[in-house]
Amino acid sequence: MAGVLQQDPDGSTVIACLDPRSGQQVATVPVTPVDQVGAAVARARAAQPDWHGLGLARRKVLVEALRQAFLAAAPRVVSLLAEECGRPGGEAWTSEVVANNDLFAWWLGQIDDLLTADPISLNPVNYPRKGGRVQLEPVGVVGLITPWNLPVAIPLRCLVPALLAGNTVAWKPSEHSPRTGALLHELCRQVLPPGVVELVQGDGAQGQALVTAGVDAVVFTGSVRTGRRVAALCGERLVPCSLELGGKDAAVVLADADLERAVEGIVWAAFGLAGQNCAAVERCFVDAALYERFVDAVVARTRKLRPLLDVGPLITPAQLEIVKAHVAEAVDRGAVVRCGGGAPGPGWYHEPTVLTGVQDDMLVMAEETFGPVLPIVPFDDLEQALARVDGTPYGLTTSIWTRDLALGEALGLGLRCGVVTVNNHAFTGALPMAAWGGPKDTGGGVTSSRFALYHLTRPRTVVLDALGQPHEMWWFPYNEALERLSGGLVELARRGGARLPGARAALSGFIARWKDS
Ligand code: TXE
């Protein structure tokens, strides 16, 4: 749905929700006034100590209840995704329901282990009668800002671990998917205590208000442009933030690839979600030996894709304009449309489009298109092709297609990206145990896996000292015995050091030091 903010006759602001399959308005959603965003964060803050205080076992029971509520609401989720994002049913069920059930299950199964404190075990000679632990504690209130392309899965990837870890969350869904956001929030309100998940509806104004409303961490998924703004605001406030800002993913097809699988997999990864996926294949490099056969097969397969049943519309007219502009610029500069290329509707539907004859400096090869466009490029020199793969500002995922798994892995590991897959693409974004994110303009944030907890928790060190003596070895006074002890320890540790004299010096310094104290 395109969400357009407009004034209601009563003076309040609403999001007018348009079905991207028809362009017709189907609903309105009230916007949170900017001056009320702080109150939402305050409610989340007030709820946080009690939520944390419930303890992990009780929080798990409530998050399991949220999972059950979500599963019970699955048909509503799927039909709303169709109306709001134009999402085909099969795609909505797999990417937004089944994958999210797995996500709940994994975090619920792993969280006890993941939050278990690390013991601090100390050498009893140097540190007598002391011990402790490093425990993970919630950051407090997480400010969550999400996009429209996976409007259920992306928020849940943060919400589930954040809540289990004891945080409360103030969440702003995209203005282009506010009804899905409202549904998910309604489910949270049914099963969780008040304030544990607060909803803020609106666009960039509300997003900015949320970032600056005193949250303890920000988790953001969206564009590079907005991500930079969010990071700057967080930087000024020293609020930690996690950014996932998309990609310009490449698939590299080697001459020995399983042709049928590569074609099926790359067509799916390029045109699934109508290409509106941060990990969509947006560039495809193919060994020249296979190139013509590959292009023919991709074109034949793409022609069989059914509008709205396999490939949905773009989310907004603006998104459609970006896609049309990228294709038009490529064609103006000599690219060949092998299939698709038009935007005949219904709604904001753009045909899945295969391009050849493209150059690296064309928009369609250089910038995130976020639409159903697949440029295919032949290569003779694999090393040069891999350099071109790495030659974008993004670094999300890359796939290598080859029957030689070891070679595929080795090539992938040489690239600067967060996810490498051999003979598959993008699907690991749905795996809760697999870290998701990447370097460079992709933003460096991590969602999924235990590493996601880095953004959602703070490690706290707790040490208890039962020594009961008036002095420690390293306290005042600094004297000759302390230096002798230290020098002896260094000699002992040095390769080729004076080990026997070192041991003697360390021991005599140690004894003298304890006598001093
Ligand atoms: O993103 P925005 P848009 C890319 C994709 C797409 C482009 C634009 O290339 O064409 O971004 O999409 C909120 N402070 N991706 O305009 O603006 C906004 O309300 C705080 C890739 O939708 O980044 C929404 O909730 N928040 C991407 C969220 O940020 C602000 C997924 C994302 O919106 C804000 C989506 C501000 N100043 C788009 N301004 C991916 N990584 O997968 C806006 N927002």
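Residues numbered from 1 in each chain as written. Predicted model: local features only at pLDDT ≥ 70, side-chain atom pairs only at ≥ 80, totals over all residues. Heavy atoms only, no water.

Engineer: Looking at this model, I keep getting lost on the nonpolar core. Mind explaining?
Structural biologist: As a rule of thumb, nonpolar side chains are buried together in soluble globular proteins. In terms of nonpolar packing, the biggest core is built from 55 residues, with W107, L156 and L192 touching the most fellow members. Examining the composition of this core, we find that nine residues originate from one element, helix α4 (residues 89–114), more than from any other. Those residues within four positions of L192 in sequence are excluded, and the remaining contacts are W51, L62, L66, L163 and V197. In this structure, A262, A270, V298 and C339 belong to the second largest nonpolar core, which totals 29 residues. (Core = buried A, V, L, I, M, F, W, Y, C linked by side-chain atoms within 4.5 Å. Buried < 20%, exposed > 50% of the residue type's maximum accessible area, 1.4 Å probe, protein only. Helix = DSSP H or I, 4+ residues; strand = E, 2+ residues; numbered from the N terminus. Contact = heavy atoms within 4.5 Å.)

Engineer: Can you help me understand the environment of L382 in this one?
Structural biologist: Tracing the backbone shows L382 in helix α13 (residues 382–389). Note: C-alpha distance between L382 and S399 (17 residues apart in sequence) is 14 Å. Setting aside its immediate chain neighbours within four residues, L382 contacts V252, L254 and L411.

Engineer: Help me out: how do you make sense of the sheet that holds strand β8 (residues 197–199) in this one?
Structural biologist: What the five strands build is an open sheet, ordered β8-β7-β6-β9-β10; its pairing is parallel. Two strands lie at the open edges of the sheet, namely β8 and β10 (241–244), each paired on one side alone. The mean inter-strand angle of the sheet, taken between neighbouring strand axes irrespective of direction, is 15°. The strands touched by helix α1 (residues 37–53) within the sheet are β6 (141–145), β7 (168–172) and β8, with β7 carrying the most contacts at an inclination of about 155°. Most of the contacts of helix α7 (residues 204–211) go to β6, to which it runs at about 160°, and overall it touches β6, β7 and β9 (217–221). (Pairing = 2+ DSSP bridges. Axes fitted to C-alpha atoms, helices over the stretch in contact; angles between N-to-C directions.)

Engineer: Honestly, the sheet that holds strand β4 (residues 118–120) in this entry has me stumped. Any pointers?
Structural biologist: Sheets are built from strands paired through backbone hydrogen bonds, the pairs being either parallel or antiparallel. With respect to topology, three strands assemble into an open sheet ordered β4-β5-β18, the strand pairing being antiparallel. A single partner strand is all that each edge strand has here, and the edge strands are β4 and β18 (457–465). Each adjacent strand pair in this sheet contributes to an overall mean axis angle of 25°, direction not counted. Pairing between β4 and strand β5 (residues 130–138): three bridges, direction antiparallel. Residue pairing for β5: I120 is matched across the bridge by G132.

Engineer: Would you mind going over helix α6 (residues 178–191) with me for this structure?
Structural biologist: An α-helical segment advances 3.6 residues per turn. Residues three or four places apart therefore align on the same side. Here α6 is 14 residues long and its end C-alpha atoms lie 20 Å apart, about the 20 Å a rise of 1.5 Å per residue gives. Those residues of α6 that fall on the buried side of the exposure criterion are P178, R179, T180, G181, L183, L184, H185, L187 and C188. (Expected span 1.5 Å × (residues − 1).)

Engineer: Would you explain a nonpolar patch on the surface in this entry?
Structural biologist: Together, Y127, W474 and W475 give the surface a local cluster of nonpolar side chains, amounting to about 330 Å² of exposed area. Assignment of secondary structure puts W475 in the loop between β18 and α16 (480–493). According to the relative accessible area criterion, W475 is partly exposed, its value standing at 41%. (Patch = residues over 30% accessible without salt bridge, like charges linked within 9 Å, V, L, I, M, F, W, Y side chains within 5 Å. Areas by Shrake-Rupley, 256 points an atom, 1.4 Å probe, with all protein chains shown as cover. Salt bridge = Lys/Arg side-chain N within 4 Å of Asp/Glu carboxyl O.)

Engineer: Explain the domain arrangement of the protein chain here, please?
Structural biologist: When the parts of a complex come together, some accessible area is lost, and that lost area is often taken as the interface size. On domain assignment, one finds that the protein chain holds domain 1 (34–245 + 451–459), domain 2 (249–431) and domain 3 (471–516). Placing the centre of domain 1 and that of domain 3 at their C-alpha centroids yields a distance of 50 Å. (Domains from an automatic or database assignment.)

Engineer: Please clarify how the pairing of strand β16 (residues 397–401) should be interpreted in this entry.
Structural biologist: Each regular strand carries side chains that alternate between the two faces of the sheet. Burial of β16 is extensive: five of the five residues sit out of reach of the surface. Every second residue of β16 is oriented toward a common face, with T397, S399 and W401 on one face and T398 and I400 on the other, all of them buried. Of the strand pairs in this sheet, strand β11 (residues 249–253) and β16 are connected by four bridges, and their pairing is parallel. Looking at the pairing, V253 lines up with W401 of β16. Pairing of β16 with strand β17 (residues 419–422) involves four bridges; the strand directions are parallel. Within β17, the residue paired with T398 across the bridge is V420. With helix α14 (residues 405–413) bridging β16 and the parallel β17, this β-α-β connection has right-handed handedness. (Right-handed = clockwise from strand over helix to strand, strands pointing away.)

Engineer: Sorry if this is basic, but what is going on with the pattern of salt bridges here?
Structural biologist: Opposite charge on two side chains makes pairing possible when the charged atoms of those side chains draw close. Scanning all chains against the criterion turns up 25 salt bridges. The partner of R179 in a salt bridge is E83, with the nearest N and O atoms 2.6 Å apart. Residue R179 is located in helix α6, and its partner E83 is located in helix α3 (residues 74–85); the two are separated by 96 residues in the primary sequence. You can call E83 partly exposed: its relative accessible area is 25%. The partner of E91 in a salt bridge is R87, and the shortest N-O contact between them spans 3.6 Å. Residue E91 is classed as buried on the basis of its relative accessible area, which comes to 16%. Here the salt bridges share partners, and the residues they tie into one network are R87, E91 and E96.

Engineer: Can you walk me through the packing of helix α9 (residues 259–271) against helix α10 (residues 288–303) in this structure?
Structural biologist: Axis angle and axis distance: for two packed helices, these are the angle between their axes and the distance between the axes, and together they describe the pair. The N-to-C vectors of α9 and α10 enclose an angle of 55°; their axes lie 10 Å apart at closest approach. The orientation of α9 with respect to α10, classified from their angle, is oblique. Judged by the twist between their axes, the crossing of α9 over α10 is right-handed. Facing α9, whose interface residues are L259, A262, V263, E264, I266, V267 and F271, α10 presents L290, R293, F294, A297, V298, R301 and T302. Broken down by class, the residue content of the contact of α9 with α10 amounts to 10 nonpolar, one polar and three charged. (Parallel < 35°, antiparallel > 145°, perpendicular 65-115°, else oblique. Left-handed = near helix turned anticlockwise from the far one by under 90°. Nonpolar A, V, L, I, M, F, W, Y, C, P; charged D, E, K, R; others polar.)

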